Amino acid sequence: MVGTKVGEKTKSEKPSSLDFSKIRLYLFPILVVIIAFIGYKIRAATGQTKYFIDPDTFYHFEIYKLAIKEWIPKYYPLADAPFGSLIGEPLGLYIIPAVLYKILSAFGLEAIRVFKMWPPLVGFFSIIGIYLLGRKLHSEWAGLWAALAMMFSIAHWTRTFSGNARGDGPFLMFFIYAVLFMFYYLEATEIKRKVIFGALFVFSGVLMLSVWNGSPFGIMVLLGFASLYVIVAFIFGKVEDVKKFAREFYPAYVVMLLLGYALTPSGIVKVGGHIRFAFEAFLGLALLTGIMLYGGKYLNYSDKKHRFGVVAVVVLLGFTGAYLYVGPKLFSLMSGAYQSTQVYETVQELAKTEWEDVQRYYSVKGTDGLLFLLSLIGIAIVAFRLLRSLTQNNVDAKALFLIVFYGLSLYLMWTAVRFLFLASGAVLLTFGILVGELFRIVENLQEKTSTKALYALLLIILFIPIPIVGANTTYNSAKAGGDAVTPSWEETLLWLRENTNEYDTATSWWDYGYWIESSLLGNRRASADGGHARDRDYIIARFLAGDGNQSEVDFESWQLNYFIAWVQDWAKFNAISYLGGAITRYERDNRGMILPFNQKIDDNAFYSPYGIQLQIVEQEGQKKVIILAGNQQGEPVQTIIMQTGEVITGKGDFPYVAYVFPNYAIAVYYKVATSNFLKLAFHVPVSIESDFTQKLLSNFRLVKTTGDLATYEFVPFGVYRIEVYKNETWTPVSKLIPGEYKAKLYISAFGRDVKDAIIKFRAYDGDKLVSEQVIAQNVNIDHLNEAPIEVELNVPNATRYQLVLVQKGPVGALIDAPKLNGRLVSPIRVLNDGQSGELELKAGFRKDYSNLELYLRATVIYLVRTEGESRDDPKAAFEPHMDIIHYEKIADGLSTSSRELHFEGQASFPEVIQPYVEKLKNDYGDRVEIRGIRVEPVFITDKEYIIYEG
């Protein structure tokens, strides 16, 4: 009987499901915390370096330190020397980790340690967030596997590892939580829960806006989801759902926009224009919603076709109005990183995404692209779910959101490599949903619990190698990464910090500007860096890639003091040569400008890592140089043996010039084979102009070298040759000697004319000045057509001598952001054409001055297309120009106190810029592109330049 009862009970039971709800309640959160901690450790592995891996992080560290000190910093003095720059990034990016520091400093943690912890912490909380969101949108399993994928994914790691403190990492974290709280808010029925989750949704959304200038992606995803949801719900007759959604989502979304916009004057949020656009788009959505909800009195809403027709007409009208309002830019508002300038074309992370990039970023090991490929199946499942719900006359809001999020993420991902990270949220989430769907299928099987447990175990065994292999691969890669700052750069920059004036400026190729500025390294002002003075990049490139007079630029207008040349920039010389106007776009992409042969095989043969050989052979008693590349061979145009000066002429069927050093060789593309870069970095003394190398080295004086890194002191005027009149002839001398005689001074004026100058001769006994004479007055030299200056010299016995040229020149550096009529203005564009107002400036100086003049100097930097039929022609080449077009005097007779000056006074600027731009357009037509317009405050006084010392 008992057995019968038991049998009957067993027979009447429903098949049990694989229900681990109680276990999951505790096990899954614990697992996710462990997973997030492993993700933190993977990301923190790069924090063991002395400095930072990512160059931009040096800049972010400096602003973070300012935020600790000032909370809401506005001005960064070391960029765009000597003017400084307003901080362009949203200050939330720095205030949030500064708050974290204030908390953790109580436990003895230093600022740099907290700063290095911040990106891995972003990764930690992002992993937890993606788990919670996956659970909300699909299932516990989906959230768990999305978290496992995010733990190791290169795509997500690349912006959340220690030493990479950019804004897109925190943005994605806050966006994930904003979406999570949004769905909790929309689904909550209890008032208290709805208020709490609504507030968290708004708060996370505002934080999202405060950390990244690309944050409009988040508000547009939310708006896109809202738009599609109300449209689809309306078309399928879910009017009550539309009303409920509009009552709940619309006010919260508007509050988020309004709070974000309210934070723009402080600089905490910097995307005010995009917020306005989002609000305008929202008003269009609100109008459409009103028509859908209350237009039934006048329009036919009888069936789906009629409702779809109404929506289609209204949306079409809305897009037409938006296009008329915004213009063609409407279709690029979300792209964010289209290659709009030649500089951006050369930035790797702004390059257009290729499939190989996707494979690499979304791989488990190597370049398999497995996570992305599986995410495609995941989003297909989501799309199927949505379609199935629609066939049942329901609208699956979660599926609709995922499709919008995934679609916009992929659109942005294909525009530029940098957005492969941004897409990681959607890609990894849908990967998790794919795996979660498989577990859901198992759970819903009509099988015994043990059978379903076996199936679940098989799924785990199938997928668990993915996070194990991926985590191991990413961790090993992270550990292998070293400091970006090489020992030679560290030595040079620390030397710069210890041996130069606090107001000195330095430059190199722009990549290293943040190192020069960093308080950890050079702590000096830089002429260009990765985020400022991008118009100057072209001018630096012109100097490096050029030769002779055409390569001279007015570095004195930047008050440049030091130039640093690095041998390793041979690898970037394609980009440098292109930006400098020396080569075409096609040559940039298809020719190596410098080919290194860094392995010496024997006395007459060198090997390149690219599989090319350079051989010096003797045929029929004559030396020849042959380049071997596979089955092909050719001869350089010319080969120079640097140790002996021997020149070997070749056929030139290999269009390069070869330079052979004792232990290595380089082959340089013929168009840049005499470039200044070779002179300064490789010490190759070649030029197309007679004496130019001597002139160059009188302006760029080697003061520090580490072997691969050379630091030059820059002076705009330098003596490169002295001749004395002896025995009725002019004879060159290597240095001044005691006596009375006539001398010719050959002065190199680099990029700037000598105007109404005087030249002084000084003699020193040790540090004591024993003689000073004015030996020339009213000196004028055209820097493009220099002529020697004849002088009478009376040289006493002394330990050293100086020749000093004195003429008007710029001095001082801004130490605070300028203000116009009480409002901060850009230090490099303080006034515009025809503008006037009360100008306020603060500047610092190396010494006190009593007769300073203040000018506003207008400069136009532009490119002229010298080759090619259009801007996008592969054969296009662009020549950079920097024209100083006007000086407007604002005040004179100014003096400093304790080497500082605070100026307040009326300033006005005439209309000179636009007429000059129009003239350029008339002269060059569509061949001219304006790349920079500057109106900078410049203090000018009599300035001494040491043109000779010996």
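Considerations on the overall build of the chain
Part 1: When helices and strands are tallied, the chain shows 28 helices and 32 strands.
Part 2: Expressed along its principal axes, the backbone C-alpha trace of the chain runs to roughly 135 × 75 × 60 Å.
Part 3: When the 950 residues of the chain are sorted by exposure, 56% land in the buried category.
Part 4: Put simply, 70% of the contacts in the chain that link residues at least 6 apart link residues at least 24 apart.
Part 5: Accessible area of the chain: about 40700 Å², with a carbon and sulfur share of 55%.
Part 6: Charged side chains of the chain number 93 positive and 95 negative; the gap between the two group centres comes to 11 Å.

Some details on the environment of Glu490
Part 1: Mapping Glu490 onto the fold places it in helix α21 (residues 487-499).
Part 2: Of the residues examined, Glu490 reaches a relative accessible area of 18% and is grouped as buried.
Part 3: Along the sequence, Glu490 and Ala111 sit 379 residues apart, while their C-alpha atoms lie 21 Å from each other.
Part 4: If sequence neighbours within four positions are ignored, Glu490 has contacts with Lys50, Tyr51, Val485 and Leu521.

Topic: the environment of Asn780
Part 1: Along the polypeptide, Asn780 turns up in strand β22 (residues 768-781).
Part 2: Distance in space between the C-alpha atoms of Asn780 and Ala541 is 28 Å, their sequence separation being 239 residues.
Part 3: When sequence neighbours within four positions are dropped, the list of residues in contact with Asn780 reads Val754, Lys755 and Asp756.
Part 4: A distance of 2.8 Å separates a polar atom in the side chain of Asn780 from the backbone nitrogen of Asp756.
Part 5: Here the side chain of Asn780 touches Asn778 through a polar contact of 3.3 Å, landing on its backbone oxygen.

Thoughts on the sheet that holds strand β8 (residues 605-607)
One key point about sheets: their strands pair by backbone hydrogen bonds, in either a parallel or an antiparallel sense.
Part 1: Spatially, five strands are ordered β7-β8-β9-β10-β11 in an open sheet, and the strand pairing comes out antiparallel. Pairing within the sheet leaves two strands with one partner each, and these edge strands are β7 (599-602) and β11 (632-634). Neighbour to neighbour, the strand axes of the sheet diverge by 25° on average, direction disregarded.
Part 2: Pairing analysis gives three bridges linking β7 to β8, with the strands arranged antiparallel. Opposite Gln599, over in β8, you have Tyr607 as the bridge partner.

Points about the environment of Ile594
Part 1: Within the secondary structure layout, Ile594 lies in strand β6 (residues 594-597).
Part 2: In the structure, Ile594 is positioned 75 residues away from Tyr669 in sequence and 6.4 Å away in space, judged by C-alpha atoms.
Part 3: What Ile594 contacts, discounting residues up to four positions off in sequence, is Trp570, Phe573, Ile666, Ala667, Val668, Phe677 and Leu678.

Some points on the packing of aromatic side chains
Part 1: In this structure the tally under the stated criterion is 75 aromatic pairs.
Part 2: Their ring planes at 40° and their centres at 5.4 Å tell us that Tyr512 and Trp515 sit as a pair that is tilted. Here Tyr512 and Trp515 have matching classes, each one buried.
Part 3: Each ring, one from Tyr656 and one from Tyr669, has its centre 5.5 Å from the other, and the planes form 65°; the classification is edge-to-face. Of the two residues, Tyr656 is situated in strand β14 (residues 654-660) and Tyr669 in strand β15 (residues 665-669); the sequence distance between them amounts to 13 residues.
Part 4: Directly above the ring of Trp558 sits Arg536, whose terminal nitrogen or CZ lies 4.5 Å from the centroid.
Part 5: The positively charged end of Lys742 is found above the aromatic ring belonging to Tyr725, 4.5 Å away from the centroid.

Quick notes on helix α4 (residues 92-104)
Part 1: Helix length check: α4 (13 residues) gives 18 Å between terminal C-alpha atoms against 18 Å at 1.5 Å per residue, within 8%.
Part 2: Within α4, ten of the 13 residues are buried, leaving the element largely enclosed by the surrounding structure.
Part 3: If you check which residues of α4 are buried, you get Gly92, Leu93, Tyr94, Ile95, Ile96, Pro97, Ala98, Leu100, Tyr101 and Leu104.
Part 4: Buried residues along α4 sit in contact with α3 (55-70), α5 (111-137), α8 (168-187) and α9 (191-209).

Comments concerning the nonpolar core
Part 1: Ranked by size, the top nonpolar core spans 258 residues in total, and within it Tyr362 and Tyr659 carry the most contacts.
Part 2: Here the element with the most residues in this core is α8; it accounts for 16 residues.
Part 3: The residues contacting Tyr659, other than those within four sequence positions of it, are Ile640, Met642, Tyr664, Ala665, Ile666, Val668, Ala673, Leu678, Val684 and Val686.
Part 4: Within the second largest apolar cluster, 31 residues are counted, among which are Leu814, Val830, Ala843 and Ala858.

A word on the sheet that holds strand β24 (residues 800-811)
Part 1: Strands sit in the order β22-β21-β24-β32-β29-β30 across an open sheet of six strands; the sheet is antiparallel. In the strand order of this sheet, the two ends are held by β22 and β30 (877-894), each with one partner. Between one strand axis and the next, the sheet turns through 30° on average, direction left out of account.
Part 2: The pairing of strand β21 (residues 754-765) with β24 spans seven bridges and is antiparallel. Within the sheet, the bridge partner assigned to Arg762 lies in β24 and is Gln802.

A short note on unusual backbone geometry
Part 1: Here the bond from Ala81 into Pro82 is cis, since omega is 0°, no more than 30 degrees from zero.
Part 2: Relative to the elements of secondary structure, Pro82 occurs in the loop between β1 (75-76) and β2 (85-86).
Part 3: Unusually for a residue other than glycine, Asp756 sits at a positive phi of about 50°.
Part 4: Within the fold, Asp756 resides in strand β21.
Part 5: Positive phi, normally seen in glycine, also occurs at Ser898, with a value near 55°.
Part 6: Of note, Ser898 is situated in the loop between β30 and β31 (900-908).
Part 7: A residue is classified by how much of its surface remains accessible, and Ser898, at 62% relative accessible area, is exposed.

Some details on the pattern of salt bridges
Part 1: Under the counting rule described, the total for this entry stands at 46 salt bridges.
Part 2: Between Glu248 and Lys194 there is a salt bridge; the shortest N-O distance is 3.1 Å. Residue Glu248 is located in helix α11 (residues 239-262), and its partner Lys194 is located in helix α9; the two are separated by 54 residues in the primary sequence. Here the two residues Glu248 and Lys194 agree in accessibility, since each one is buried.
Part 3: Measuring nitrogen to oxygen at the nearest pair gives 3.6 Å for the salt bridge that ties Arg865 to Asp926.

Focus: the confidence of the model for the chain
Part 1: For the chain, per-residue confidence averages 91 on the pLDDT scale, and residues scoring 70 or more make up 93% of the total.
Part 2: Low pLDDT, under 50, characterises residues 1-18; the stretch is placed with 14 contacts to residues that sit more than four places away or in other chains.
Part 3: Confidence drops under pLDDT 50 across residues 333-338; counting only partners more than four residues distant or on other chains, this segment forms 18 contacts.

Things to note about the packing of helix α6 (residues 140-152) against helix α20 (residues 465-480)
Between two packed helices, what matters for the description is the angle formed by their axes and the separation of those axes.
Part 1: One way to put it is that α6 packs onto α20 with a least axis distance of 8 Å and a crossing angle of 20°. Regarding the angle of α6 to α20, the classification is roughly parallel. Note on packing geometry: the crossing formed by α6 with α20 is left-handed. On α20, the residues touching Trp145, Leu148, Met151 and Phe152 of α6 are Ile466, Pro467, Gly470, Ala471 and Thr474.

Calculation notes
- Residues numbered from 1 in each chain as written.
- Predicted model: local features only at pLDDT ≥ 70, side-chain atom pairs only at ≥ 80, totals over all residues.
- Heavy atoms only, no water.
- Helix = DSSP H or I, 4+ residues; strand = E, 2+ residues; numbered from the N terminus.
- Buried < 20%, exposed > 50% of the residue type's maximum accessible area, 1.4 Å probe, protein only.
- Contact = heavy atoms within 4.5 Å.
- Areas by Shrake-Rupley, 256 points an atom, 1.4 Å probe, with all protein chains shown as cover.
- Lys, Arg positive; Asp, Glu negative; His and termini not counted.
- Charge placed at Lys NZ, Arg CZ, Asp CG, Glu CD.
- Polar contact = N/O pair within 3.5 Å; in protein donor to acceptor, adjacent residues only side chain to side chain.
- Pairing = 2+ DSSP bridges.
- Axes fitted to C-alpha atoms, helices over the stretch in contact; angles between N-to-C directions.
- Phe/Tyr/Trp six-rings, centres within 6.5 Å; stacked < 30°, edge-to-face > 60°.
- Lys NZ or Arg CZ within 6 Å of the ring centre and 35° of its normal.
- Expected span 1.5 Å × (residues − 1).
- Core = buried A, V, L, I, M, F, W, Y, C linked by side-chain atoms within 4.5 Å.
- Salt bridge = Lys/Arg side-chain N within 4 Å of Asp/Glu carboxyl O.
- pLDDT = per-residue confidence, 0-100.
- Parallel < 35°, antiparallel > 145°, perpendicular 65-115°, else oblique.
- Left-handed = near helix turned anticlockwise from the far one by under 90°.

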